[in-house]
Every structure is written in C-alpha cells, then in structure tokens.
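What follows is each chain in one-letter form.
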Amino acid sequence: MDSDTLQAFQNELTCSICMNYFLDPVTIDCGHSFCRPCLCLSWEEAQTPVCCPECRGVSEKPDFKTNIVLKNLASLARQARASYVNSAEEQICVAHKDAKGLFCEAEHNVLCELCSESLEHVAHSHSPIQWAAEEYRENLLKRMASLWNMTKEVQNSLKQETSKTQSLKDYVALRKVMIKAEYQKMHVFLHEEEHLHLDTMEREAKEIFQQLKESEFRMIQQNESLKEMYRELTAMCHKPDVELLQDLGNILERTDLVQMQKPQPVNPELTSWRFTGLLDMLNNFRVHNVLSQEAISHWLSLPEDVRSVMFGEDHHGMSREPQGAQSFAAWGAQTFTSGRHYWEVDVPHSNWILGVCKDSLINDTEITIDFEEASLLFSLKVNNYYCLSTNSPPLIQYVKRPLGKIGVFLDYDNRTVSFYDAGKGSLICSLVSSSFSSPLKPFLCLGSP
C-alpha cells in the first residue's frame, strides 16, 4: 500500500472532533461517524434537535449502536501505530537492550521478555502490550458509559431539585394564606400566636431553601466531577498503549470513588404547628359514622392532572399505588347539602385518599370518583417516600405526613374543605371551591401497603 493510500485509509479511521483514531465509533443518521465520547460531549450542551458536528445535518435519534467494523479497523490502526512507537528508544529495556513487548498485570508495568522471566516477575501474568491496551480500553469505555449515565441521572435530579424551589416558594405563599384564613376563624387574642407561627414557618422554609440550594450546588459539583472524570478517561483512552498502561495509577479507584458520591435529593417538608383551641372548635360540628358503606375493588381511576401532580410529568411509566392494586373504599350513605360538619378517620401508614365527593361508582373491579365537585387529600408513595397532594387545585402539600387520625371539616356554605392532623391539632391544608351545587358525601380509599 503506497503512502497516499495509507494516509487516506488512516484519515477514514480518524474522528473529526478529536482527530484521533475512533474510540467506540458510532455512525449517525447523516452517515458520518464519530467517537461516542466525543459525540456525547459535543451534544451535551446542544439544543434539540441535535446536528452532525461535521455537516450540521439534523439527527433524529440521540442513541446509536457501536459501529463494530470501524471499531475493529481503528483497533488495527492503533496496533500498527504501536509498532512504530515501540521501536523508540524509551521502549527499549535498559538492562537487556530488548524491546518492551509485554505488560505485567500484577504491577502494571511494561517489560521485555527477559524481564518477564526474572524471579521478580516470573510468577505474574503477562500479556502482549497491544492486547492489554485494548482490553483496558474496553474497561475504560464501560466505566465511561456508567459515568455518562450517572451524569444524566444527576442532571435530571438537578432539574427536579431546581423546580422544587419555585414550587416550594409558591406553596409557602399559598400556605401563608391558608394559615391566615385559619387564624381568622379564631378570637383576636390568638393573633400573637399567628405571628409566631408565621415567623417560625418562615425560618423553617428558609432552612429548607438553604438545603435545596446546597443540594443543587452538590449536584452541580457532582455533575462537573463526573464530566471531568469522563474527559480524563477519554484523554486516557487516546494515549499510546504503553503510556496508557504506565499512567493508569489510581484512575480506576478515583472513578469508583466519584461514582459512589451520588448526592441525595431533598424532600422539602414544613412542620404543621398546633393551633390553640382548634380541635375544641371543630368538635362543635362533630358527626359520627359517616363512612357506613364499604367495598373492595382493584382499580382506582384518577384524572390526568391529578396524576401529573402526584407522580410528575413522567408518571406514565411509573407504578402507582393504589392504582392497579387491591383497594378498600368506604363512603357515606348520608350526604351534606349545607352547614358545617367535622369527622375524623383513622388512616394507616400506606396509600390513602380522603375527603368529599359528589358521587362515586364502585364495583368489584373499579372505583370511579366524580372529580367535578370533589375535594380530596391524597397520601401516595412516590420515589420511595410518601407525600401529600390535593386535586382541587392539583397541588403537592409540602407538610409532614400525619400518622393516625385525620380530621375533615366541611363548610358547605363557605365552599371550603379543610384537613387536620387530629393527633396534633394542626392544619394540613384548606381547599376552597368555586361552588358546591350538589350534595357531597364523605369518601375514603385505602390502597395496599
């Protein structure tokens, strides 16, 4: 093969981004090929749809399979290049004046054949340099893939953590309104307690904001560490065989350490503080045996906007309880068309839905709630912890989940439904409806633990 043809052949095996032989090459929609690490880093900050770095053609799919033929040819080209590098003076054994052609697995050193047969190394495992280098390249590529997947996970977590801050700000403002409205039901002498309550919540919220800020900072740092390690491994893979093997050092251990340091997201929860005299006031409107009819079904039907709040935008692929699991439902034979009514329900440490609704259709296979005039509080397990949410409006309630009895207060004439932690005498949330035009009945649904 003449030199021009050889040069052209080598150019075809060279990535136009890093100008090195292909490393885990992929061929995108337009037909151009690049190293997978180079393409990942090139597209990481790019806007969608992503474009080919060479011809700027739009690529429809972000994930591609390794081009095995190019990968094997690039490996052969590296081995051919290694034959020239190995003839250099620094690759000659000083002691035996022989070429270093073997790699010692035990000590991560390159040796000549006579050194490998010495007492110091004879018991160790040895392999040709080219074979060892390619094997370690594959090892590094696997670690790079794991690092990149973890980078994407941290980026998604960072995005969710950032959205929590704005959501929590909005919720804190809304909770102020709920707390103020609750205190307005009580006597004037409770104003001092109201201000103390708000100040305490502000301080607690400030601490949570700081925790979210610190969590975001840790995730940003982790993301940068992962990308830096990824770049370092990429550069390591492009080194000549001997230099790659000699410089391994502790890079493998540092890669494992970086991957072990995954930051945990913050679960923002405000404390529900006790209202003086609240339960005494509510018990003036106490009604009993409101959940007198019961049934067992296997499917709970929830509207799309409610599922979006409880499970997030990616809820379609998530398992949801009690939906799809056996559920116990109870509802009231008695309906309310006016006045104020208070009752308490003992809820378990599992999924549950509690409140009032216009009507519900319950049979052996399905529970269907009429959400048109329903005011419900949900306790569902999402991402390994239980959270509270409501359907009207669809909103996450950033308060600690109560254990034990929940109080429900229906003020039909003022179109409000309030939920309380009956054990502590504290407010969970208050829901204000635009109108109550139909009779309302109590409702409870318990999901499988």
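Residues numbered from 1 in each chain as written. Predicted model: local features only at pLDDT ≥ 70, side-chain atom pairs only at ≥ 80, totals over all residues. Heavy atoms only, no water.

K.L.:
Help me understand the overall build of the protein in this model?
P.N.:
When helices and strands are tallied, the protein shows ten helices and 19 strands. When burial is assessed residue by residue, the protein has 45% of its 449 residues classed as buried. The contacts in the protein between residues at least 6 apart in sequence include a share of 69% that link residues at least 24 apart. (Helix = DSSP H or I, 4+ residues; strand = E, 2+ residues; numbered from the N terminus. Buried < 20%, exposed > 50% of the residue type's maximum accessible area, 1.4 Å probe, protein only. Contact = heavy atoms within 4.5 Å.)

K.L.:
Before we go on, may I ask you to explain unusual backbone geometry in this structure?
P.N.:
For residues that are not glycine, phi is negative in most cases, and the peptide bond is trans in most cases. Of note, the bond from serine 392 into proline 393 is cis; its omega dihedral lies within 30 degrees of zero at 5°. Its identity is not glycine, yet methionine 19 carries a phi of approximately 60°, on the positive side. With respect to the element layout, methionine 19 can be found in the loop between helix H1 (3-12) and strand E1 (25-27). Phi is positive for asparagine 289, which is not a glycine, with a value near 55°. Note that asparagine 289 resides in the loop between helix H9 (278-282) and strand E6 (293-297).

K.L.:
Which parts of the structure should I look at to understand the sheet that holds strand E9 (residues 340-347)?
P.N.:
Backbone-to-backbone hydrogen bonds pair the strands of a sheet. The strands run either parallel or antiparallel. One open sheet holds the four strands; their spatial order is E9-E16-E17-E18, and the pairing between them is antiparallel. Each of the sheet's edge strands pairs with one partner strand only, and the pair in question is E9 and strand E18 (426-432). Geometrically, the sheet is characterised by an average inter-axis angle of 20° between neighbouring strands, direction not taken into account. In this sheet, strand E17 (residues 416-421) lies alongside strand E16 (residues 404-411) in antiparallel orientation, the contact comprising six bridges. Note on E17: the bridge partner recorded for glycine 407 is tyrosine 420. Where helix H5 (residues 129-184) meets the sheet, its contacts fall on E17 and E18, and the angle it forms with E18 comes to roughly 100°. (Pairing = 2+ DSSP bridges. Axes fitted to C-alpha atoms, helices over the stretch in contact; angles between N-to-C directions.)

K.L.:
Got a minute to help me understand the pattern of salt bridges in this structure?
P.N.:
Pairing is possible between side chains of opposite charge, provided their charged atoms come close. Per the stated rule, a full pass over the model turns up eleven salt bridges. For lysine 262, the salt bridge identified is with glutamate 153, shortest N-O distance 2.9 Å. Of this pair, lysine 262 sits in the loop between helix H8 (251-260) and H9 while glutamate 153 sits in helix H5; the two residues are 109 residues apart in sequence, bridging distant segments of the chain. We classify lysine 262 as partly exposed; its relative accessible area is 39%. (Salt bridge = Lys/Arg side-chain N within 4 Å of Asp/Glu carboxyl O.)

K.L.:
I keep staring at the packing of aromatic side chains and nothing clicks. Help me out?
P.N.:
To describe a pair of aromatic rings, you give the distance between the ring centres and the angle between the ring planes. Tallying each qualifying case throughout the model produces six aromatic pairs. A centroid spacing of 5.8 Å and a plane angle of 80° characterise the contact between phenylalanine 103 and tyrosine 136, whose relative ring orientation is edge-to-face. With phenylalanine 103 in strand E3 (residues 102-104) and tyrosine 136 in helix H5, this residue pair connects regions lying 33 residues apart in the sequence. One Lys or Arg, arginine 401, reaches over the ring of tyrosine 386 and ends 4.2 Å from the middle of that ring. (Phe/Tyr/Trp six-rings, centres within 6.5 Å; stacked < 30°, edge-to-face > 60°. Lys NZ or Arg CZ within 6 Å of the ring centre and 35° of its normal.)

K.L.:
Mind showing me how you'd approach the confidence of the model for the protein here?
P.N.:
Caution applies to low-pLDDT regions: their predicted coordinates should not be interpreted in detail. A residue-level look at the protein finds 86% of positions with pLDDT of 70 or above and a mean pLDDT of 81. Confidence, read as mean pLDDT per element, is least for helix H10 (residues 304-311) in the protein (55) and greatest for E17 (95). Ignoring residues within four places in sequence, the model shows residues 315-325, a span with pLDDT below 50, making 29 contacts including any to other chains. (pLDDT = per-residue confidence, 0-100.)

K.L.:
Could you clarify how one ought to interpret the environment of glutamate 107 in this entry?
P.N.:
With respect to the helices, strands and loops of the structure, glutamate 107 is situated in the loop between E3 and strand E4 (109-111). For glutamate 107, a relative accessible area of 34% puts it in the partly exposed group. For the pair glutamate 107 and glutamine 246, spaced 139 residues apart in the sequence, the C-alpha separation amounts to 9.9 Å. Leaving out residues up to four positions away in the same chain, glutamate 107 has contacts with Glu120, His121 and His124.

K.L.:
Teacher, can you tell me more about the packing of helix H6 (residues 191-237) against H8 here?
P.N.:
Geometrically, a packed helix pair is captured by the angle between its two axes and the distance between the axes. Look at H6 against H8: their axes get within 10 Å of each other, and the N-to-C directions meet at 155°. Classed by the angle they form, the pair H6 and H8 counts as roughly antiparallel. Note that H6 runs across H8; the crossing there is left-handed. In this structure, H6 contributes Gln222, Ser225, Leu226, Met229, Glu232, Leu233 and Met236 to the contact, and H8 contributes Ile251, Arg254, Thr255 and Val258. When its residues are assigned to classes, the contact of H6 with H8 shows six nonpolar, three polar and two charged. (Parallel < 35°, antiparallel > 145°, perpendicular 65-115°, else oblique. Left-handed = near helix turned anticlockwise from the far one by under 90°. Nonpolar A, V, L, I, M, F, W, Y, C, P; charged D, E, K, R; others polar.)

K.L.:
I would appreciate a short explanation of the packing of H5 against H6 in the present structure.
P.N.:
Where H5 meets H6, the axes come as close as 9 Å, and the angle between the chain directions of the two elements is 165°. Taken as axis vectors, H5 and H6 run roughly antiparallel relative to one another. Judged by the twist between their axes, the crossing of H5 over H6 is left-handed. Considering only residue class, the contact of H5 with H6 consists of 25 nonpolar, ten polar and 13 charged.

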